[in-house]
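Below, each chain spelled out in residue letters.
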Amino acid sequence: MTEKSQRTKEHIIKKVAPIFNSQGYTATSLSEITTATGLTKGAIYGNFKNKEELALEAFNYNIKYVLGKIKVITDEIDSPLAKLFAVSNFYRNYHQHQIDFGGCPILNVGVDANNNNSELYNRVREVALKLQQSITKMIDDGKEKGEIKSEIDSIRYGGRIFSIIEGAVFTSVLMQNDSYLKDMMNHLDELINKELSI
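A brief report on the enclosed structure follows. All values derive from a computational prediction rather than experimental measurement.

**Points about the environment of D189**
Right, on to step 1. With respect to the secondary-structure elements, D189 resides in helix 10 (residues 179-196).
Right, on to step 2. Residue D189 is classed as buried on the basis of its relative accessible area, which comes to 17%.
Right, on to step 3. Taking the C-alpha atoms as reference points, D189 and G103, 86 residues apart in sequence, are found 23 Å from one another.
Right, on to step 4. Setting aside chain neighbours within four positions, we find D189 in contact with F85, S88 and R92.

**Structural notes on the pattern of salt bridges**
Right, on to step 1. Per the counting criterion, the structure on display carries 7 salt bridges.
Right, on to step 2. As a salt-bridge pair, K137 and D141 come within 2.9 Å of each other at their nearest N and O atoms. In this pair, K137 and D141 are both assigned in helix 8 (residues 118-144), 4 residues apart and thus about one turn of the helix distant.
Right, on to step 3. Among the ionic pairs, K143 bridges to D140, the shortest N-O distance being 4.0 Å. Linking K143 with D140, this pair stays in helix 8, spanning 3 residues, or about one helical turn.
Right, on to step 4. Judged by relative accessible area, which is 32%, D140 ranks as partly exposed.

Conventions we followed
- Residues numbered from 1 in each chain as written.
- Predicted model: local features only at pLDDT ≥ 70, side-chain atom pairs only at ≥ 80, totals over all residues.
- Heavy atoms only, no water.
- Helix = DSSP H or I, 4+ residues; strand = E, 2+ residues; numbered from the N terminus.
- Buried < 20%, exposed > 50% of the residue type's maximum accessible area, 1.4 Å probe, protein only.
- Contact = heavy atoms within 4.5 Å.
- Salt bridge = Lys/Arg side-chain N within 4 Å of Asp/Glu carboxyl O.

As structure tokens, this is what we get:
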């Protein structure tokens, strides 16, 4: 791939990613894609085999943005317990992180792709599992460092924490009210303090 074609591909993804994320794969038309990018249909399909491939690349772009922000925050923290609190704090203010690209990619794309695009849906599941596993690892690391109770089932709590976060994101989006997200992140902090922390 030439440098010019790579730049064109990146331009398309950057312009289209928020549209796919906010409107969904099915609802996003080719005319909206060409309008957003300022390119022709031929230019779009000269860089992507089809709409499905473009949607997958757009999801990867959006999720990299979110995970990158979390990674920057948690990489600066040594304590696994403090990392868990940092994650809850990130989601407490999640609206300001995701407003520019149309909402939570896992929630939006997971629901939209469920019955429409199996490859995209499987990619969302893969990312969701990766996030759960990273939370589980924080708990395991906390047990090793003596910050978290040794009897805690790390996998179960990793799943619970992930479910609390995504459930809170969904409710806040549905009700258009960030107070649900903030309240559940406060609840998550309480759970970490009372059930996990030594």
